[in-house]
Amino acid sequence: RQALEHLVQDGGVSAQHRSFLRLVKPLAVVEDNVFLAVAEDFTKNYIESTLRGGVTEALSQVIGRDIRIAVTVDASVVPPEVVVPEPADDADASAARKAPSAPTPISRTVEPVPDPHLNPRYTFDTFVIGSSNRFAHAAALAVAESPGKTYNPLFIYGGSGLGKTHLLHAIGHYTRQIKPQTRVRYVNSEEFTNDFINSIRDDRSLSFKRTYREVDVLLIDDIQFLQGKEQTLEEFFHTFNALHNAGKHVVITSDVSPRHLDGIEERMRTRFEWGLMTDVQPPDLETRIAILRKKAQADDVAAPGDVLEYIASNITSNIRELEGALIRVTAFAALNKQNVDLSLAQVVLKDLISDNDSEITASSIIGTTADYFGITMDELTGTSRSRVFVTARQIAMYLCRELTDLSLPKIGEHFGGKDHTTVMYSVKKVEDQIAQRRQMYNQVNEIHARVKQQSRG
Ligand code: ADP
Ligand code: MG
């Protein structure tokens, strides 16, 4: 935006060029691409034929590297004279609301786009590319750039914690950055199942269909959970066909390839193979270090190279665990006002890193946590808002997320059928608090150690 402004104001361009540049809305910078949107074909053509060189150069200078521009036509782009206010952060929004004297902007009516249900942290920008995921990333990016065109459906499969969900959300974000009016819907297949069942119960099949069929991009996560659920599968099959026939995009993830999806009919599995299938593999050491570095940067914590290398060499198969280890080390250092160094990391991760083959289950975590707090498992998984129950519940949810392969909705089920957003909130809450409150850190650590100990027998 700055660069464009600069061009318009004193970039030495003619008045006519200037008036064209005013019609451009900068959308996003992704890697070396700058995406611009204009409302009409004519404007796009003019910019591409006449202004491309100047704009590219000016933007490259401001951004500090060579970029390419891509201009898309989006009828909803409103020229600056009639600016629609940007969706602002809460604080800004309420400030804006409190300013009664501000003139009401004239706006074209823009169809509201339904909530895509995306996690803001999972974007292409925060995704580290390595040989283990290069192909999946490229396919995801291609789909995000022009949904409905090639690779439909895109099927991404691979083990737990290897970035499938991250890529799925990234597709959603990127598609909407380029073209904000795109209707995107992310759904975990367990949520899809529940939604479907409830829609039958409540006689809402029409609204169910609207939710999943009136979209441009459907992102469906962990399709393996539909195995053996005949009616839901049937419904999904119809949803898939309706979308595919209408040229809408479907992206699917699974922990196994379509071929290995037992309990799903052949006709459906073949359909999954129509488009493009790609797997994600466990990252190599270099990629693991790069992921940690990026995470440290994003969280703004200082962690020297040898610490990152130590963590990356010892936690090899699951990126969620990798990130968990980094959080643990930096939280410990912050609480004790120490610097993050190798010996500190070794002490903190002693329990995490020791090899551990046996399975840790949600019930073992819930049982151990309840024991620790001296409450019953029913109390822990119930709905009481008393402080100790809430704390125990949140810690147990956090540990389920960290120590098991369960998805958020599945974790919710273990806690008396709580919503996946509740689980997500709890996980985030504990994650934030272990770095701020020593008591929280100690409790989580102690319970974590006990759970691991018990699983070793
Ligand atoms: P999956 O869905 O395959 O089980 P997720 O997408 O949930 O895995 O990834 C687990 C965690 O690891 C998430 O926090 C995610 O952001 C992170 N992650 C996975 N792959 C990458 C990557 N290539 N770069 C950065 N972070 C990653
Ligand atoms: Mg996932």
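Note that this is a predicted model, so its numbers are computed, not measured. (Residues numbered from 1 in each chain as written. Chains lettered and ligands numbered in written order. Predicted model: local features only at pLDDT ≥ 70, side-chain atom pairs only at ≥ 80, totals over all residues. Heavy atoms only, no water.)

## Points about the overall build of the chain
Item 1. Along the backbone of the chain there are 21 helices and eight strands.
Item 2. With 457 residues in all, the chain has 47% of them scored as buried.
Item 3. Long-range contacts, defined as pairs at least 24 residues apart, comprise 73% of the intrachain contacts of the chain with a sequence gap of at least 6. (Helix = DSSP H or I, 4+ residues; strand = E, 2+ residues; numbered from the N terminus. Buried < 20%, exposed > 50% of the residue type's maximum accessible area, 1.4 Å probe, protein only. Contact = heavy atoms within 4.5 Å.)

## Some details on the packing of aromatic side chains
Item 1. As enumerated under the stated definition, the model contains 14 aromatic pairs in all.
Item 2. With 5.5 Å between their ring centres and 90 degrees between their planes, Phe 124 and Tyr 174 make a pair best called edge-to-face. Highlighted residues: Phe 124 in the loop between α4 (90-98) and α5 (134-145) and Tyr 174 in helix α6 (residues 164-178), separated in sequence by 50 residues.
Item 3. Judged by its relative accessible area of 3%, Phe 124 is buried.
Item 4. Aromatic ring contacts, followed pair by pair, group Phe 155, Tyr 157, Phe 192, Phe 196, Phe 208, Tyr 212, Phe 236, Phe 240, Phe 272 and Trp 274 into a single cluster. (Phe/Tyr/Trp six-rings, centres within 6.5 Å; stacked < 30°, edge-to-face > 60°.)

## Structural notes on helix α13 (residues 319-335)
Item 1. Between its first and last C-alpha, α13 extends 24 Å over 17 residues, near the 24 Å set by a 1.5 Å rise per residue.
Item 2. Here α13 lies mainly inside the structure; 12 of its 17 residues are buried.
Item 3. Every buried residue belonging to α13 is among Ile 319, Leu 322, Gly 324, Ala 325, Leu 326, Ile 327, Arg 328, Val 329, Thr 330, Ala 331, Ala 333 and Leu 335, and all of these are buried.
Item 4. Backbone nitrogen of Arg 320 and a side-chain oxygen of the N-cap are separated by 2.7 Å at the start of α13; the cap is Asn 318.
Item 5. Of the residues trailing α13, Lys 337 is marked for its positive phi of about 50 degrees. (Expected span 1.5 Å × (residues − 1). Polar contact = N/O pair within 3.5 Å; in protein donor to acceptor, adjacent residues only side chain to side chain.)

## Notes on the site of ligand 1
Item 1. Within the structure, ligand 1 sits among 17 residues, and Val 128, Gly 161, Lys 164, Thr 165 and His 166 are positioned closest to it.
Item 2. Within the backbone of Val 128, one N or O atom sits 2.8 Å away from a nitrogen atom of ligand 1.
Item 3. Within the contact set of ligand 1, an oxygen atom lies 2.7 Å away from a side-chain nitrogen or oxygen of His 166.
Item 4. Here ligand 1, which alone exposes 550 Å², has 93% of that area covered by the protein.
Item 5. Looking at the shell around ligand 1 residue by residue, the classes come out as six nonpolar, eight polar and three charged. (Near = heavy atom within 4 Å. Areas by Shrake-Rupley, 256 points an atom, 1.4 Å probe, with all protein chains shown as cover. Nonpolar A, V, L, I, M, F, W, Y, C, P; charged D, E, K, R; others polar.)

## Section: the confidence of the model for the chain
Item 1. Looking at the chain as a whole, the pLDDT averages 85, with 85% of positions reaching at least 70.
Item 2. Below pLDDT 50 for its whole length, residues 79-108 participates in 14 contacts with residues either more than four positions away or in separate chains. (pLDDT = per-residue confidence, 0-100.)

## Concerning the sheet that holds strand β8 (residues 276-279)
Item 1. Taking strand neighbours across the sheet as the criterion, the five strands line up as β5-β6-β7-β4-β8 in an open arrangement whose pairing is parallel. Both edges of this open sheet fall to β5 (184-188) and β8, since each of them pairs with a single strand only. Neighbour-to-neighbour, the strand axes of the sheet open up by a mean angle of 15 degrees, direction not taken into account.
Item 2. Relative to strand β7 (residues 249-254), strand β4 (residues 154-157) is paired through four bridges, and the arrangement is parallel. Note on β7: the bridge partner recorded for Ile 156 is Thr 253. (Pairing = 2+ DSSP bridges. Axes fitted to C-alpha atoms, helices over the stretch in contact; angles between N-to-C directions.)

## Quick look at the pairing of β8
Item 1. The alternating pattern of β8 places Leu 276 and Thr 278 on a buried face and Met 277 and Asp 279 on a face that is not buried.
Item 2. The sheet contact formed by β4 and β8 spans four bridges and is parallel. If you follow Tyr 157 over to β8, its bridge partner there is Asp 279.

## Notes on the packing of helix α18 (residues 387-403) against helix α20 (residues 420-434)
Item 1. Close contact between α18 and α20 brings their axes to 8 Å; oriented N to C, the two are set at 95 degrees. Accordingly, the angle class assigned to the pair α18 and α20 is roughly perpendicular. Across the interface between the two elements, Gln 394, Ile 395, Met 397, Tyr 398 and Arg 401 of α18 pack against Thr 422, Val 423, Tyr 425, Ser 426, Val 427, Lys 429, Val 430, Glu 431 and Ile 434 of α20.
Item 2. Broken down by class, the residue content of the contact of α18 with α20 amounts to eight nonpolar, three polar and three charged. (Parallel < 35°, antiparallel > 145°, perpendicular 65-115°, else oblique.)

## A short note on unusual backbone geometry
Item 1. The amide bond that connects Asn 152 to the next residue, Pro 153, takes the cis arrangement and shows omega of 0 degrees.
Item 2. Tracing the chain through its elements places Pro 153 in the loop between α5 and β4.
Item 3. A positive phi angle, close to 60 degrees, is found at Asp 203, a residue other than glycine.
Item 4. Judged by relative accessible area, Asp 203 falls into the exposed class, the value being 71%.
Item 5. For Lys 337, which is not a glycine, the phi torsion comes out positive at approximately 50 degrees.

## Examining α6
Item 1. With 15 residues, α6 extends 21 Å from end C-alpha to end C-alpha; this agrees with the ideal 21 Å at 1.5 Å per step.
Item 2. With 12 of 15 residues buried, α6 lies mostly within the body of the structure.

## Regarding the side chain of Thr 369
Item 1. Along the chain, Thr 369 falls in helix α16 (residues 362-373).
Item 2. Among the residues examined, Thr 369 registers a relative accessible area of 0% and is labelled buried.
Item 3. In this structure Thr 369 touches Leu 380, Ala 392, Ile 395, Ala 396 and Ile 447, once residues within four positions along its chain are discounted.

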